[in-house]
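Structural features, examined
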Amino acid sequence: LVHLDYSSTSLHHSLSTATKQQNNNNNNNIMRINVTLFLALMAAPAVSAFAPAAPMMRSASTSLFMAKAKAKAAKEETAKEETKEETKAAFDLNEYLVSKVGPIEAALEASIVSTEPQTEKIVESMLYSLMAGGKRIRPVLCLAACEMFGGTQEQSMPAAVALEMIHTMSLIHDDLPAMDNDDLRRGKPTNHVIYGEDVAILSGDALLSDSFRHVAEKTTNVDPARILDVVVRLGRSVGPKGLAGGQVMDLECEGKAVEDVTLEDLKWIHTHKTATLLQVAVASGAILGGASKKEVEACELFALNIGLAFQVADDILDVTASTEDLGKTAGKDEDTDKATYPRLLGLDGARAEAQRLVDEAKASLEPFGEKAAPLLAIADYIIARKN
């Protein structure tokens with residue numbers, strides 16, 4: 001192009017000076033344009049050669065960024081898990097239980113006192129079962145939940161005592177000949193074996209009614225509306241959609257063929273017979289400690305799952321543990337053709353279900369961090385216990 005432009009310029013030498021000047025200006029313009037085009041053409045191959053590399057470079061850069069982000073996320077997750085393990089290792093459940101069970105035992109013993117000769121027999125019967133030992137899981141859950149929200153042991157102890165009264169009532173009635181017909185509880189003769197069926201029934205009734213009085217009368221430094229909420233929940237937990245209803249359904253399922261009892265039937269029985277009182281234990285503690293409605297709901301979800309896990313573990317122990325280890329007659333569920341988790345899922349399936357329930361329970365308390373350590377440790381204990 002440059003060569004052609006110079007040739008074109010030589011053809012016009014014979015023109016006038018003015019014309020020459022004009023042509024020179026034109027040719028200079030042509031030169032400038034053509035040199036620009038020439039340089040563009042020279043550059044074009046280089047651009048063309050590198051153009052495909054641009055997306056590749058962007059892709060490599062994106063991949064590197066994503067890899068770094070994933071590595072960072074993995075590092076953070078590892079650190080989070082390590083923190084959880086350190087917290088778990090740092091928390092000593094046995095030490096915690098010892099610190100709580102002593103005050104609970106003292107409060108239980110002081111809760112029922114005979115003030116006249118006529119009440120001595122029934123009070124003795126009530127205290128025989130109430131003070132027969134046990135894990136005291138429900139009272140401990142109540143105290144732990146209260147403290148998780150900044151409450152005190154003094155604020156929640158009356159509710160903790162009431163929960164154990166209700167639980168003891170359920171054991172006395174459960175052992176009666178008309179129910180499970182058991183003569184051993186916590187390694188000792190059952191209440192009706194010592195005091196007769198009539199007194200055993202009445203002792204259970206007295207424990208139940210006294211539980212409500214105890215909460216209403218003894219709870220201090222708590223908003224009365226919150227105390228009333230706890231009393232209502234306690235009452236509901238033993239009604240037709242609570243312990244009593246669950247027990248009736250449990251009796252109706254005894255002796256049925258495996259194919260006639262579904263997993264949903266079993267879940268309904270133990271949601272109401274077992275888990276409901278555990279739910280009330282954790283919810284009551286949270287309410288008395290000042291928890292919000294949303295926080296109480298998270299606690300209830302936790303307790304529902306550990307309540308079901310508790311029952312699954314009980315069903316497994318009935319098959320695998322000895323009478324001496326259990327402190328009650330082993331193998332009773334099989335003897336009465338009772339609907340149980342091992343019966344429906346097999347032992348391995350039941351163990352897997354217990355672990356799943358505990359995992360879900362613990363996940364619901366994640367927002368509360370280290371403050372939930374006692375409750376999380378109790379959840380693990382529930383399926384690891386031997387009696």
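Residues numbered from 1 in each chain as written. Predicted model: local features only at pLDDT ≥ 70, side-chain atom pairs only at ≥ 80, totals over all residues. Heavy atoms only, no water.

What to know about the packing of aromatic side chains
Here the structure, examined in full by the defined rule, presents three aromatic pairs. Between the aromatic rings of Phe-91 and Tyr-96, the centroid separation amounts to 5.5 Å while the plane-to-plane angle is 50 degrees, which identifies the pairing as tilted. (Phe/Tyr/Trp six-rings, centres within 6.5 Å; stacked < 30°, edge-to-face > 60°.)

A closer look at helix 9 (residues 224-237)
In a regular helix each residue adds 1.5 Å, so 14 residues correspond to 20 Å; helix 9 covers 20 Å between its end C-alpha atoms and thus fits that length. Regarding helix 9, the residues found buried are Ile-227, Val-230, Arg-233, Leu-234 and Ser-237. Angular distribution of buried residues about the axis of helix 9 spans 125 degrees; they occupy a single face of the element. Facing away from the buried side of helix 9, by more than 90 degrees, are the exposed residues Pro-224, Ala-225, Leu-228 and Arg-236. The inward-facing, buried residues of helix 9 abut helix 7 (153-174), helix 8 (191-218), helix 10 (243-253), helix 11 (263-288) and helix 12 (293-320). Two to three positions downstream of the cap, the backbone nitrogen of Ala-225 sits 3.0 Å from a side-chain oxygen, assigning the N-cap of helix 9 to Asp-223. (Helix = DSSP H or I, 4+ residues; strand = E, 2+ residues; numbered from the N terminus. Expected span 1.5 Å × (residues − 1). Buried < 20%, exposed > 50% of the residue type's maximum accessible area, 1.4 Å probe, protein only. Arc of directions from axis to C-beta. Contact = heavy atoms within 4.5 Å. Polar contact = N/O pair within 3.5 Å; in protein donor to acceptor, adjacent residues only side chain to side chain.)

Points about the side chain of Asp-175
Residue placement: Asp-175 occurs in the loop between helix 7 and strand 1 (184-185). Apart from residues no more than four positions distant in its own chain, Asp-175 is found in contact with Asn-181, Asp-182, Arg-185, Thr-190 and His-192.

Side note on helix 5 (residues 120-130)
All buried positions along helix 5 are accounted for by Val-123, Ser-125, Met-126, Ser-129 and Leu-130. For helix 5, the angular spread of the buried residues around the axis is 160 degrees, confining them to a single face. Where helix 5 is buried, its residues touch helix 4 (93-111), helix 7 and helix 8.

As for the nonpolar core
Among the nonpolar cores identified, the biggest contains 82 residues, and Leu-141, Leu-207, Leu-234 and Phe-302 are the most heavily contacted of them. Dropping the residues within four chain positions of it, Leu-207 is found in contact with Ile-112, Met-126, Leu-130, Met-165, Thr-168, Met-169 and Ile-172. (Core = buried A, V, L, I, M, F, W, Y, C linked by side-chain atoms within 4.5 Å.)

Some details on the packing of helix 12 against helix 16 (residues 373-384)
One can describe the packing of helix 12 onto helix 16 by two numbers: an axis separation of 8 Å at closest approach and a directional angle of 20 degrees. Relative to helix 16, the element helix 12 is oriented roughly parallel. For the pair helix 12 and helix 16, the sense of crossing is left-handed. Of the residues in helix 16, those in contact with Phe-302, Ile-306, Ala-309, Phe-310 and Ala-313 of helix 12 are Leu-375, Ala-379, Ile-382 and Ile-383. For the contact of helix 12 with helix 16, the class distribution of residues is nine nonpolar, no polar and no charged. (Axes fitted to C-alpha atoms, helices over the stretch in contact; angles between N-to-C directions. Parallel < 35°, antiparallel > 145°, perpendicular 65-115°, else oblique. Left-handed = near helix turned anticlockwise from the far one by under 90°. Nonpolar A, V, L, I, M, F, W, Y, C, P; charged D, E, K, R; others polar.)

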